[in-house]
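Structural features, examined
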Amino acid sequence: PGTRVKALAPRSVLISPSRSAASRIASQGNTSPGCSNLHQSQSGPMTGSEESSRGIAGEKFDIVKKWGINTYKCTKQLISERFGRGSRTVDLELEAQIELLRDTKRKYENVLRLARALTNHFYNLVQTQRALGESFSDLSQKSPELQEEFGHNADTQKLLCKNGETLLGAINFFVSSINTLVNKTMEDTLLTVKLFENARLEYDAYRTDLEELNLGPRDSLTLSKIDLAQQLFLVHKEKYERLRSDVTIKLKFLEENKVKVMHKQLLLFHNAISAYFAGNQQQLEQTLKQFNVKMKVSSSEKPSWLEEQ
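Here's a quick rundown of the structure. Computed from a predicted structure; not experimentally measured. (Residues numbered from 1 in each chain as written. Predicted model: local features only at pLDDT ≥ 70, side-chain atom pairs only at ≥ 80, totals over all residues. Heavy atoms only, no water.)

**A few points about the packing of helix α6 (residues 220-277) against helix α7 (residues 281-290)**
Running from N to C, α6 and α7 point in directions that differ by 160 degrees, and their axes come no closer than 8 Å. Viewed along their axes, α6 and α7 adopt a mutual orientation that is roughly antiparallel. You can see that α6 and α7 cross each other, and the crossing is left-handed. In contact with Leu-268, Asn-271, Ala-272, Ala-275 and Tyr-276 of α6, α7 contributes Gln-283, Leu-284 and Thr-287. Across the contact of α6 with α7, the residue classes break down as five nonpolar, three polar and no charged. (Axes fitted to C-alpha atoms, helices over the stretch in contact; angles between N-to-C directions. Helix = DSSP H or I, 4+ residues; strand = E, 2+ residues; numbered from the N terminus. Parallel < 35°, antiparallel > 145°, perpendicular 65-115°, else oblique. Left-handed = near helix turned anticlockwise from the far one by under 90°. Contact = heavy atoms within 4.5 Å. Nonpolar A, V, L, I, M, F, W, Y, C, P; charged D, E, K, R; others polar.)

Laid out in structure tokens, this is it:
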């Protein structure tokens, strides 16, 4: 404190230039590895990941482009058919069989709906008979003067309940088989029919496109388009014929399977219903054994087999 410090100006240092140093700096500037590497990385070839990414993007673009062209042609063909301007490939025999299958499926679905309703109503009847039998049995023990009468009615309701559950086993087996036939076997055939109908529409769309090109001028550009249209037409023609063959085979096997299944199920349903309402317990049980119908025996501790489904 109190001492004054005098600032000194910095001394200027003079460095004499060296020719060898200047030449080294110039040579390093011309052959700088960093600059050369940077230039090569900017203008060099693409890496493998970049090439694969561009390849995947190109494939997706081609898929979307083909889908768009195909959708446009099929939509155009469909509109032309509906307005009566376009021609349509028709297989009268096969289309009649397909329409018959759709009508049969609707009718079988109605049978299935009614059989399920019958099962639900009859199940409620059996439960009511069981409760009524238990009430009669309880009253027979508490009413000595009417013990015999209540006892007979209790035995009758218990027998009806037992036979009713046996009949429910037969009806439930019938419902399960019809459900498999309608919602699996028929549905699988109709799925193939849908693929066939889509293939038919594509076939007619590309056939129409080829016919229009053949009616136009024949220059070099048109000829190349005709060749491409001819190739696409043959591809869709092969697809159409293959699916038509698949539908024909499936319809044949479906008809054979339907007759076999319904013959068995209708016989089971008839025999079980007839035996139950005739009061023939032995025939009812024999019917279930004949058709290999297995059912769970219900008890007061366990829920009915129908409740567990």
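What follows continues from the structure just given.
**Let's talk about α7**
For α7, the complete set of buried residues consists of Leu-284, Thr-287 and Leu-288. Along α7, the residues classed as buried sweep out an arc of 95 degrees about the axis, all on the same side. Among the exposed residues of α7, those pointing more than 90 degrees away from its buried face are Gln-282 and Lys-289. Among the residues trailing α7, Asn-292 stands out with phi positive, at a value near 55 degrees. (Buried < 20%, exposed > 50% of the residue type's maximum accessible area, 1.4 Å probe, protein only. Arc of directions from axis to C-beta.)

**Overview of the environment of Glu-134**
By the secondary structure assignment, Glu-134 is in helix α4 (residues 92-142). Measuring from C-alpha to C-alpha, the distance between Glu-134 and Asn-153 comes to 10.0 Å, with 19 residues separating the pair along the chain.

**With respect to the packing of helix α5 (residues 147-215) against α6**
Contact geometry of α5 with α6 gives a least axis separation of 7 Å together with a crossing angle of 165 degrees. Here α5 lies roughly antiparallel to α6, going by the angle between them. By crossing handedness, the relation of α5 to α6 is classed as left-handed. For the contact of α5 with α6, the per-class residue count stands at 33 nonpolar, 12 polar and 13 charged.

**Quick word on the pattern of salt bridges**
Two side chains carrying opposite charge are able to pair once their charged atoms lie near each other. Under the defined criterion, the tally for this structure stands at 15 salt bridges. A salt bridge links Asp-103 to Arg-106, with the nearest nitrogen and oxygen atoms 3.5 Å apart. Here Asp-103 pairs with Arg-106, and both are found in helix α4, just three residues apart, close to one helical turn. We classify Asp-103 as partly exposed; its relative accessible area is 25%. Connected through shared salt-bridge partners, Glu-99, Asp-103, Arg-106 and Lys-107 make up one network. (Salt bridge = Lys/Arg side-chain N within 4 Å of Asp/Glu carboxyl O.)

**What to know about the environment of Leu-251**
Structurally, Leu-251 can be placed in helix α6. For the pair Leu-251 and Leu-190, spaced 61 residues apart in sequence, the C-alpha to C-alpha distance is 9.3 Å. Once you skip the residues sitting within four places of it in the chain, Leu-251 turns out to touch Leu-94, Gln-97, Ile-98, Leu-101 and Thr-189.

**Here we look at the packing of aromatic side chains**
The final tally for this structure, using the stated rule, is seven aromatic pairs. Ring geometry for Phe-174 and Phe-269: centres 4.7 Å apart, planes at 40 degrees, overall tilted. Within this pair, whereas Phe-174 is found in helix α5, its partner Phe-269 is found in helix α6, the two being separated by 95 residues in sequence. Taking the relative accessible area as the measure of exposure, Phe-269 reaches 26% and is therefore partly exposed. (Phe/Tyr/Trp six-rings, centres within 6.5 Å; stacked < 30°, edge-to-face > 60°.)

**Some words on α6**
With 58 residues, α6 should reach 86 Å at 1.5 Å per residue; the first-to-last C-alpha distance of 83 Å fits that figure. One or two steps after α6, the chain reaches Gly-279, where phi turns positive at roughly 75 degrees. (Expected span 1.5 Å × (residues − 1).)

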